[in-house]
Each structure stands twice: as C-alpha cells, then as structure tokens.
Amino acid sequence: MLPTQRNWTMLLGSGRMCVFIFYRRSGLKKNCHDAYHPIILHPVRIPEMQVVSSTNDGLVIGAACCLAELRDILMKAIPKLPEKKTKTHQALLQHLRTLAGEQIGSMASLGHIVSRRSTWDLNPVLPVGKSVLNLASEDGKRQILLNDQFLAGCEHADKKLKEVIFSVLIPYSMEVRPRCFRGFIQAERQKNALSIVNSGMVLFSPATDTIVDLSILYGGIGSTTLGARKSCEKLIRQWNDQMLNEACSLVLEEILLPPSALGRKVKYRITLLVSSLFRFYLEVLHCLHQMYPFKYAELSQENMSALGMLKSGVPQGVHYQDVDPGQSPQDPVGCPIMHQSGIKHATGEAIYIDDIRPVDGELSLAMVTGIKVHAKIISVDASEALVPGVVDVVTARDVPGENGKDEQAYAEDKVICVGQIIYAVIAESLTQAKCSTEKVKIVYEGLEPILMTEDAIEHNSYFTEERKIEKGDIEKGFKSADEIIEGELHMGGQEYFYLETNNVLVIPRVEDKEMGVYVSTQHATDVQELVASALNLSNKITCHVKHGGAFHGKITKPSLFAVIAAVAANKLLADIDNSGIINIRI
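Residues numbered from 1 in each chain as written. Predicted model: local features only at pLDDT ≥ 70, side-chain atom pairs only at ≥ 80, totals over all residues. Heavy atoms only, no water.

Participant: Can you explain the pattern of salt bridges? Please cite residues and give values.
Facilitator: Applying the stated criterion across every chain, the model contains ten salt bridges. A salt bridge links lysine 441 to glutamate 384; the nearest nitrogen and oxygen atoms lie 2.9 Å apart. Taken together, the residues span a long stretch of sequence, with lysine 441 in strand S18 (residues 441–446) and glutamate 384 in the loop between strand S14 (375–381) and strand S15 (390–394) at a distance of 57 residues. Under the relative-accessibility criterion, lysine 441 is labelled partly exposed at 45%. (Salt bridge = Lys/Arg side-chain N within 4 Å of Asp/Glu carboxyl O. Helix = DSSP H or I, 4+ residues; strand = E, 2+ residues; numbered from the N terminus. Buried < 20%, exposed > 50% of the residue type's maximum accessible area, 1.4 Å probe, protein only.)

Below, the structure written as structure tokens:
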C-alpha cells in the first residue's frame with residue numbers, strides 16, 4: 001500500500017524509481033545538491049503502480065510500468081480486440097516502436113507523464129485518446145482527465161500536491177462513429193533522439209465528411225505540450241481542401257514559436273507543424289475512401305507515399321581486402337581479422353564498469369575539487385559533510401605511499417588549477433556523496449596565477465624535472481663554434497582539450513592485501529604502477545581492462561582516479577572491521 005505520511009511528495013521520473021521526500025514546505029526541491037531524500041522506494045514493490053488490467057472502458061496500466069512493458073502489453077492486447085476499439089492503442093504502439101532504444105525503454109516509466117516535458121513523445125498521443133489519470137493520496141483516490149490543460153499545469157485540471165499518479169486508463173475507441181487517430185514523430189534519428197516535433201490528432205465524424213470533434217496537440221514546441229483547442233473549435237465543418245488551408249492558418253496563429261525559441265530550428269519546426277497536419281489530412285481522406293470507396297476518391301500515388309511509417313532495414317556493408325592466395329594461414333599480416341570484442345560491441349553485450357552490478361556493502365565516492373586558479377589551502381572543514389549515509393572522508397594525509405607522480409592525486413598544500421581534487425567523500429550512495437561534497441568548507445589564500453610559459457620559467461614551476469637532449473661536450477662545442485645564434489621560438493601547437501567519461505571500481509581483497517582495479521583506461525600499466533606506489537604495495541595490484549578504446553583521454557587521468565578510489569578503500573580497511581567486502585565506485 002502507499003505510505004500514509006504527512007507532508008510527503010512523490011516524484012515518479014524517467015527512471016523506475018519513486019522518491020518520497022518529507023518536507024514541511026510545499027513543492028518538491030529539485031536541486032539535487034541540497035536535497036536530502038530519506039527514503040527511496042522501487043515502484044515494483046508497490047502493487048498499485050504495477051497493475052495491468054482490462055476493464056469495460058479500456059486498459060489500465062500502472063504508472064511504474066516501463067515503456068518496453070507497455071509496448072509488449074499493447075502488442076498482446078490489440079490482436080485480441082476489435083480493430084475499431086484499438087485506434088488509440090495502435091497509435092500509441094506506433095509511437096512506442098520508435099521511441100528511444102531498448103535501454104531507455106526498459107527504464108523510463110509511463111508515470112513520467114507527471115514531468116510534462118514537451119519532448120516526451122507520448123504526451124500528445126495520450127490526451128487526444130481521452131486517457132484518464134488515476135490519482136491517490138492519504139485522502140483517497142480520484143480521477144482526472146489527461147488533457148492539454150493538465151499538461152499546461154492549469155490549477156483546476158492538475159493533481160494536488162500530495163497526490164501521486166498510480167495508474168493510467170487508456171480508453172477503447174468509440175465504435176459508434178468512424179474515428180481517425182494518428183500520432184506523428186519527427187526526430188533526427190529513428191531511435192535514441194529527442195523529437196523535434198511530435199503531435200497527436202484525432203477526428204470523430206458520423207457517416208459524412210463533416211467534422212464533429214477534432215483534437216490537435218503538439219510537443220517539442222514550447223516548454224509543455226500545446227493544444228490547438230481554439231483552432232479545433234473553428235474547424236467544425238466539411239473535410240476538404242478549403243478546411244486544410246484554414247486549419248494551417250489557424251494552427252500557425254495559435255501555436256506560436258518565437259524566433260528565439262529554445263532548440264532553434266524555428267522555420268523547420270514551423271514547417272513540421274503544417275507537415276504533420278497535412279499528413280493527418282491525407283490519413284483521414286484515405287480512411288474515408290476505405291469506408292466509403294464509391295463516395296471518396298483514392299489518393300494519388302504521390303500522396304500515398306506520405307502515409308504510414310518509413311521503414312529502414314539494418315544497414316549492411318561488405319569490406320573487401322585482397323590477400324595473396326599463396327599466403328600461409330599462419331601469417332596474419334594483411335588479413336582481415338575481426339576485433340576480439342567486435343561482436344559484443346555491436347550487439348551491446350560488452351560489459352563495462354557501469355554494467356557490473358553493485359554488491360552488498362559497495363560504497364560510492366565523490367570528489368571535492370578546488371575553485372581557485374592558484375591558491376594555498378589554509379583549512380578544510382568537513383564536519384558538516386558527515387551526515388547519515390556518509391562513511392568517511394579522504395585527503396592527501398591518508399595516502400600511505402606516493403601521492404601521484406607528475407600530478408598529485410590529492411592536492412596537499414595548494415591548488416594550481418580550478419577543479420583540482422582536494423577531498424573525497426565516501427557514502428552509501430553516489431547521491432549522498434555528491435550532496436555532502438557541497439558541505440565541505442575550504443579556506444584559501446590566493447596566489448598569483450601562473451598562466452604563461454615565461455611566468456612558469458620565472459617561478460621555476462614545472463610539472464616534471466627539466467628534460468634535456470645532450471650529446472658530447474656542450475661547452476666545448478659552443479666555444480669552438482664559428483657563429484652562435486640566440487633567440488626564442490614560440491610554437492602554437494598544443495594538446496587538444498578532450499572530455500571523456502571515467503569510471504573506476506576498486507575491490508580490495510583482505511586476505512592477501514591485494515587490490516582489484518576495474519578501470520576504463522588506455523594505459524593499464526600506469527594505473528597498476530600508480531596504485532601500487534600510492535599504497536606501498538608491489539605485485540599486489542590487478543588492473544582489469546576488458547574493453548579498450550578512447551580518444552587519448554584515458555591515458556593519464558584514469559590512473560589518478562584509480563589512486564583516489566584505492567586510497568579510500570585502503571583507509572576503510574584499516575579503520576573498520578575487515579570481515580566484509582568494501583568495494584568503492586567512482
């Protein structure tokens with residue numbers, strides 16, 4: 001059953017996670033850096049949010065059902081029902097087949113409706129199908145229509161503060177009248193892309209070409225899904241070319257897109273508004289022809305090409321490489337050999353660090369970084385960061401061996417750039433660790449920043465020892481030279497600034513004082529050497545790199561992250577009972 005606590009708000013987001021937050025003030029605090037969530041619940045543990053049932057009115061789907069489950073439910077239900085009753089469900093299924101990839105579809109929930117995001121592709125489709133939201137609170141249960149007013153946040157059509165969406169009723173289509181229901185998506189890619197414009201349209205009419213009820217909604221235009229309600233009220237007339245021209249003018253007047261609109265591509269998106277309306281017009285004409293072939297002419301081949309979904313097969317290619325027929329099978333030079341991980345990469349079966357399931361007792365680490373370009377560290381106060389859920393903090397003083405080589409893993413007395421790592425916070429979850437990093441107070445004493453090469457030479461500020469290329473007697477060579485040319489050479493070449501994600505998972509093995517390091521790196525040996533040096537261990541560090549590949553951004557930095565995590569795990573092993581497993585993940 002749903003909890004019956006006071007002052008609680010629930011957010012069911014795109015991930016399958018319910019967060020109950022106990023506040024005494026109204027509203028949900030969205031700033032994750034300051035928010036503290038005392039209870040985190042999985043919706044799969046709440047039966048009302050997992051319900052799937054068929055009623056006389058339609059299908060009831062739990063708000064915690066992921067989109068992949070919803071797709072499977074519709075695929076099983078539609079063939080068992082009369083076609084006239086499943087117009088809404090067919091349009092919804094069509095959207096789900098192109099909405100994101102399998103990974104997102106397996107995590108995103110139907111309850112994400114509550115976010116009212118304009119780019120969420122189901123928001124225009126569900127309202128025109130007259131869907132109903134089932135709400136629950138400690139005061140009881142009630143229903144509200146999922147319509148354009150709810151999506152716009154109108155107070156009279158919205159859910160109350162303490163209410164949660166526990167299921168959605170997707171009604172059957174009315175059988176008494178012909179009905180044309182369509183949803184359209186235009187995105188940069190067929191899957192895994194936010195839609196530029198998405199729309200839902202429905203038409204009710206009796207056995208004539210006169211409109212009785214028309215609903216049009218658009219997403220991807222404003223901050224929420226927009227309904228062309230006024231335009232639809234003025235279009236109660238015959239379905240013909242004149243109506244189409246008037247509809248385009250009315251919709252463009254009602255659905256405004258300013259030149260400075262977020263997402264840009266303004267002219268293109270305006271064209272898509274009209275384009276989806278034109279496609280819907282052709283869809284209705286085609287439906288009318290199928291129902292009354294002697295009254296309505298068949299569409300031309302050109303217009304028929306605009307209907308239905310674009311189908312694209314799996315891209316295929318063939319790579320030819322000539323190999324000498326007489327070459328020995330044992331000679332691999334020049335032979336096309338498949339990469340050892342190629343199939344796993346292509347199929348998504350490759351296991352990366354994020355795919356390794358966490359175990360009981362696993363902890364997360366977040367870093368406190370400097371905010372000064374060049375400054376002394378006067379003091380660090382982490383007392384406020386030690387809240388429930390935080391296990392410990394780690395500094396340079398906790399490094400038993402060498403604190404990095406060319407670059408310090410933990411800054412000791414001063415920082416030399418913004419973002420240099422000073423502290424690490426270990427907590428039971430990554431969210432708790434990140435929130436606590438904001439509570440660490442650091443006092444700095446500013447120093448003159450060293451920005452130019454000349455300044456670095458003047459202050460004897462080098463990353464490594466001076467490197468020279470010498471051969472023979474240099475002094476004698478200069479004395480015997482006929483001419484000596486002196487000067488400076490300035491080169492514009494520089495290291496490109498790469499941004500690559502980094503993950504580290506360290507698993508200490510207590511019995512032999514060994515440490516397993518799972519890391520994404522291009523230089524496993526460097527990771528092994530730096531961790532061993534930091535922990536004063538030799539031949540005790542195992543570096544696991546299952547899948548390689550990067551753009552030079554995983555040569556040096558992963559070694560520092562590995563040192564930071566390994567030092568944290570080493571400190572915990574020394575400070576507490578060693579009977580359990582202490583895994584630390586960055």
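Now that the structure has been shown, the text picks up again.
Participant: Go over the sheet that holds S18 with me, naming the residues and quoting the values.
Facilitator: Strand order in this open sheet of three strands is S16-S14-S18, and the pairing throughout is antiparallel. The outermost strands of the open sheet, each flanked by one partner alone, are strand S16 (414–415) and S18. Where S14 meets S16, two bridges bridge the pair, whose relative direction is antiparallel. By the bridge assignment, alanine 375 is partnered in S16 with valine 415. (Pairing = 2+ DSSP bridges.)

Participant: Before we move on, could you go through the nonpolar core and cite the residues and values that matter?
Facilitator: In this structure, Tyr410, Val504, Val506, Val517, Ile564 and Ile584 are the most contacted members of the largest nonpolar core, which totals 36 residues. When sequence neighbours within four positions are dropped, the list of residues in contact with valine 517 reads Val504, Leu505, Val506, Val527, Ile541, Thr542, Cys543, His544 and Ala562. (Core = buried A, V, L, I, M, F, W, Y, C linked by side-chain atoms within 4.5 Å. Contact = heavy atoms within 4.5 Å.)

Participant: Tell me about the pairing of strand S19 (residues 504–509), and please be specific about residues and values.
Facilitator: When you tally the buried positions in S19, you get five out of six residues, the bulk of the element. For S19 and strand S20 (residues 514–519), the ladder comprises six bridges, and the chain directions are antiparallel. Looking at S20, one finds that proline 508 is bridged to methionine 515. Counting the residues in the hairpin turn of S19 and S20 gives four residues, including lysine 513, whose phi is positive at 55°. Where S19 lies against strand S22 (residues 584–585), two bridges are found, and the strand directions are antiparallel. Following the sheet pairing, valine 506 is matched in S22 by isoleucine 584.

Participant: Let's hear about unusual backbone geometry: which residues, and what values?
Facilitator: Backbone geometry follows two general trends: most residues other than glycine have a negative phi, and most peptide bonds adopt the trans configuration. Positive phi values are uncommon outside glycine, yet asparagine 460 reaches one of about 55°. Along the polypeptide, asparagine 460 turns up in the loop between helix H12 (453–458) and helix H13 (474–479). Classification of asparagine 460 as exposed rests on a relative accessible area of 59%. Look at asparagine 536: it is not a glycine, yet its phi comes out positive at around 55°.

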